[in-house]
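# Tertiary structure, described
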Amino acid sequence: MTTIAKSTRPRHLVARLLERPDLVHLVQGLAAPVLTRLIRRIGLEDAGEIVALATTEQLKGIFDEDLWRSERPGKDEAFDADRFALWLEVMLEAGEAFAARKIAELDEDFVTMALCKHVLVIDVDGLSVQMSSSERSDDDDLVEKALEGCQYQEFEEFRVIAKDNRSWDAILLVLVELDREHHALLRALLERCCAISTEYIEDSGGLYDVLTSEEMLESDVAAEREERREHEGFVAPSAALSFLELSKVTPLEEILRSRTYDAVTRAHFRAAARARPPAAPTRRPTSREDEGAPTAEGLQSFLEVLREADVLPPATEPRLLEAGAKRGEELLFTQAIREVMARDAELYGKRLMELSYLVNVLISGCSHDGRALRPFEAVEAALCTCNLGFERLLGERAERKRPGPDALVASVAEHDAVKAFMVGWNLLHHEVLLFAAGALRKALAELAASQPDAQAAREIERVAAGLGADTDAGKPWRSRGKLDRIARALGAEATSAYRALLDELPALPPGLGQGARGSRFLSRAAQVRALQAMLARPEKSGAKGAAAAAAPAKPRRKRSPTGAGPRK
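Values in this document were obtained by computation on a predicted structure and should not be read as measured data. (Residues numbered from 1 in each chain as written. Predicted model: local features only at pLDDT ≥ 70, side-chain atom pairs only at ≥ 80, totals over all residues. Heavy atoms only, no water.)

Tallied over the full model, the rule gives 12 aromatic pairs. On the basis of an interplanar angle of 50 degrees and a centroid distance of 6.0 Å, the ring pair of phenylalanine 79 and phenylalanine 84 is categorised as tilted. Owing to a relative accessible area of 4%, phenylalanine 84 belongs among the buried residues under this scheme. Between phenylalanine 84 and phenylalanine 110 the ring centres are 6.0 Å apart and the planes differ by 80 degrees, which places this aromatic pair in the edge-to-face class. Linking phenylalanine 84 in helix α7 (residues 81-92) with phenylalanine 110 in helix α9 (residues 108-116), this pair joins segments that are 26 residues apart in sequence. Comparing phenylalanine 84 with phenylalanine 110, the two get one shared label, buried. A connected cluster of aromatic rings, assembled from ring pairs, spans Phe63, Trp68, Phe79, Phe84, Trp87 and Phe110. Over the aromatic face of tyrosine 152 sits the side chain of arginine 159, whose NZ or CZ is 4.1 Å from the ring centroid. (Phe/Tyr/Trp six-rings, centres within 6.5 Å; stacked < 30°, edge-to-face > 60°. Buried < 20%, exposed > 50% of the residue type's maximum accessible area, 1.4 Å probe, protein only. Helix = DSSP H or I, 4+ residues; strand = E, 2+ residues; numbered from the N terminus. Lys NZ or Arg CZ within 6 Å of the ring centre and 35° of its normal.)

Moving on, we get to the packing of helix α15 (residues 237-249) against helix α24 (residues 417-449). Between α15 and α24, the shortest axis-to-axis distance is 8 Å and the interhelical angle comes to 65 degrees. Our classification of the angle between α15 and α24 gives roughly perpendicular. Once α15 is placed against α24, the crossing between them reads as right-handed. Residues Phe243, Leu244, Leu246, Ser247 and Lys248 of α15 touch α24, and the partners they reach there are Val418, Phe421, Met422, Trp425, Asn426, His429 and His430. Of the residues assigned to the contact of α15 with α24, the class counts are 7 nonpolar, 4 polar and 1 charged. (Axes fitted to C-alpha atoms, helices over the stretch in contact; angles between N-to-C directions. Parallel < 35°, antiparallel > 145°, perpendicular 65-115°, else oblique. Left-handed = near helix turned anticlockwise from the far one by under 90°. Contact = heavy atoms within 4.5 Å. Nonpolar A, V, L, I, M, F, W, Y, C, P; charged D, E, K, R; others polar.)

It is worth spelling out the sheet that holds strand β4 (residues 152-155) at this point. Ordered by their spatial adjacency, 3 strands build an open sheet running β3-β5-β4, and the pairing between neighbours is antiparallel. Edge positions in the sheet fall to β3 (119-123) and β4, since each of these pairs with one other strand and no more. Averaged over all neighbouring strand pairs, the angle between strand axes comes to 20 degrees, with direction disregarded. Of the strand pairs in this sheet, β3 and strand β5 (residues 158-162) are connected by 5 bridges, and their pairing is antiparallel. Residue isoleucine 122 lies in a different strand from β5, and its bridge partner there is arginine 159. Along the sheet, helix α12 (residues 165-181) makes contact with β3, β4 and β5, crossing β4 at roughly 15 degrees. (Pairing = 2+ DSSP bridges.)

In the contact formed by helix α4 (residues 32-42) and helix α6 (residues 56-66), the axes pass within 8 Å of each other and the chain directions differ by 65 degrees. Judged by the inter-axis angle, α4 sits roughly perpendicular to α6. When you trace α4 past α6, the crossing you get is right-handed. Between α4 and α6, the residues in contact are Ala32, Pro33, Leu35, Thr36, Ile39 and Arg40 and Gln58, Gly61, Ile62, Glu65 and Asp66, respectively. Of the residues assigned to the contact of α4 with α6, the class counts are 5 nonpolar, 3 polar and 3 charged.

Mapped onto the fold, arginine 480 is located in the loop between α25 (454-472) and α26 (487-490). Look past the residues within four positions of arginine 480 in its chain and what remains in contact with it is Asp369, Gly370, Arg499, Leu502 and Asp503.

Turning our eyes to something else, we now look at the pattern of salt bridges. The tally for this structure, following the rule as stated, stands at 29 salt bridges. The salt bridge partner of glutamate 108 is arginine 192, with a shortest N-O separation of 3.4 Å. Of this pair, glutamate 108 sits in helix α9 while arginine 192 sits in helix α13 (residues 183-203), placing them 84 residues apart in sequence. Salt-bridge contacts for arginine 480 lead to aspartate 369; the nearest nitrogen and oxygen are separated by 3.2 Å. Taken together, the positions of arginine 480 in the loop between α25 and α26 and aspartate 369 in the loop between β6 (367-368) and β7 (371-372) put the pair 111 residues apart, joining distant regions of the chain. Accessibility expressed as a relative area gives 10% for arginine 480, which makes it buried. (Salt bridge = Lys/Arg side-chain N within 4 Å of Asp/Glu carboxyl O.)

Right, let's talk about empty space enclosed by the protein for a bit. Under the defined criterion, the tally for this structure stands at 4 cavities of 30 Å³ or more. Of the volumes computed, that of the second largest cavity is approximately 60 Å³. Residue lining of the second largest cavity: Phe84, Leu88, Ile103, Val111, Leu115, Ile171, Val174, Leu175 and Leu178, and that is the complete set. Per-element tally for the lining of the second largest cavity: the top contributor is α12, with 4 residues. In terms of residue class, the lining of the second largest cavity is built from 9 nonpolar, no polar and no charged. (1 Å grid on protein atoms, 1.4 Å probe; cavity = no way out; pocket = protein on both sides within 12 Å on 5 of 7 lines; lining within 4 Å. Points joined across faces, edges and corners; volume = space filled by probe spheres on them.)

The next point concerns helix α20 (residues 345-365). If you check α20, its first and last C-alpha atoms are 30 Å apart, about what 21 residues at 1.5 Å a residue would give, namely 30 Å. Measuring from the side-chain oxygen of the N-cap residue of α20 to the backbone nitrogen of glutamate 346 gives 3.3 Å; that N-cap residue is aspartate 344. (Expected span 1.5 Å × (residues − 1). Polar contact = N/O pair within 3.5 Å; in protein donor to acceptor, adjacent residues only side chain to side chain.)

In terms of nonpolar packing, the biggest core is built from 77 residues, with Phe243, Tyr357, Leu358, Leu362 and Leu444 touching the most fellow members. Here the element with the most residues in this core is α24; it accounts for 18 residues. Discounting chain neighbours no more than four positions away, the residues touching leucine 362 are Leu244, Leu373, Ala378, Ala381, Ala382, Phe421 and Trp425. Core analysis: the next-biggest nonpolar cluster, separate from the first, contains 66 residues, Leu35, Ile42, Phe110 and Leu178 among them. (Core = buried A, V, L, I, M, F, W, Y, C linked by side-chain atoms within 4.5 Å.)

So, about α25. End to end, α25 covers 27 Å across 19 residues, agreeing with the expected 27 Å (1.5 Å per residue, within 8%). Those residues of α25 that sit buried are Ala457, Glu459, Ile460, Val463, Gly466, Leu467, Gly468, Asp470 and Thr471. Residue aspartate 453 occupies the N-cap position of α25, its side-chain oxygen lying 3.0 Å from the main-chain nitrogen of glutamine 455.

On to the environment of phenylalanine 376. With respect to the element layout, phenylalanine 376 can be found in helix α21 (residues 375-394). Spatially, the C-alpha atoms of phenylalanine 376 and isoleucine 363 are 9.8 Å apart, while their sequence positions differ by 13 residues.

Now for the confidence of the model for the protein. On average, residues of the protein carry a pLDDT of 78, and 73% of them reach 70 or more. Under a pLDDT of 50 for its full length, residues 323-328 has, in the predicted model, 16 contacts with residues more than four places off or in other chains. (pLDDT = per-residue confidence, 0-100.)

Dropping the structure here:
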């Protein structure tokens, strides 16, 4: 086993990296997303030496990506307080001074929000005055007992009380160091936390439905984070969900007639076009501290280690337009984009920007097989969906005769990638997903009626009722998991086919093979017609029939004048 291969294991990877004399420069030269992947590959608990080398700007970018979690695609991400506490513990491995200095350099709103997730801060003097100015009550005694049983630390008039004992030690160490080296900042943080805690305590008496200052602060921090990430091309889950929903509910004819971006896309590109902060000037080795800067060969070997560890993509990773391109006929849409690349660099750049946006929309807002899409899957799905819409925009003539280069370029100039995707997404939802749901409801009704076992029939009826409710809500994919309960009655092949089709992002059912260029997502109108034929007449047009119908038409043999076929 080679040294590089050994370094792909987390522990070996850390050891391999720490051997490099130029590691400080190499790590600090990494983009925050790459450094995030490296830390995740190693495991945060074991990445203390790497974290200690990160700059504050890198940490800000890492926190934007690593400290926010979404329960499912399309749902807004929420701050992960437990993950933040783990980050504090890892940063403390480099010493209290290091951790406190990095915290002091972060945005004050962010630090206040993070602290409020872990501690309550009360004004001890104010509480004493309040309790002594009124008649003694049982509630006062309960408050005193509760305060005595808590883990806390006092800083002047503020008492900081632990909400979660598991994170208390790390929080306390950082607060003590902040008090020693950044006293003014700590006081400002405690004043803000105290105001938030006071309102939280007052509201917790029963006003649970009222947004507290803590929640509003998290909303503000989340909005600032989304704005930063929009500059880098990310799409917020709520915006992605809105765009996909708009593509489904807008009448197809209205999308076909449109000549401008939709409101969600316009808002995204406006935000992305805002002026970015100027990049830091490139430093040249002019002092003794820069003597350890990596050479070109050292940088290349470092990047190779990261590629071997799957932190960076392979140097030969397929480009955007080659995603999933293993075999088969090239998609019309990708062929058109290639023609534009050779003729109009400005238009080509614009269409690639749109494709990048669509890929991020799918990653943020769409689920597939009950999970978020992987980046390469999202690229493949975006291209296939664009092609499905592009075929509809070209019209029926495109199926009878493949358009020439000039016609393809003209179509790409007239119709942007976002419009093509919206058309394709609308077709997938209405002509595949809802069509499949309707066919399954009909099949289940017939199956239940012919079922000799009364208990099995009732189970089929319950699944059918749930599917009906989910379909009426426009989300048939919610019933995918229920199909396993009736798989024996429905049949393994049919169950597998419906599971593939009843998805937010439908896929070609098993047995139908792969789509154009080896893709497993629907990309052509012929595939949609074949699936509809199979679902409408399952007893006559099984998987083989659908696959044949979806295949490109072959030229017919010319008959002889006598009408006889070719001689054998």
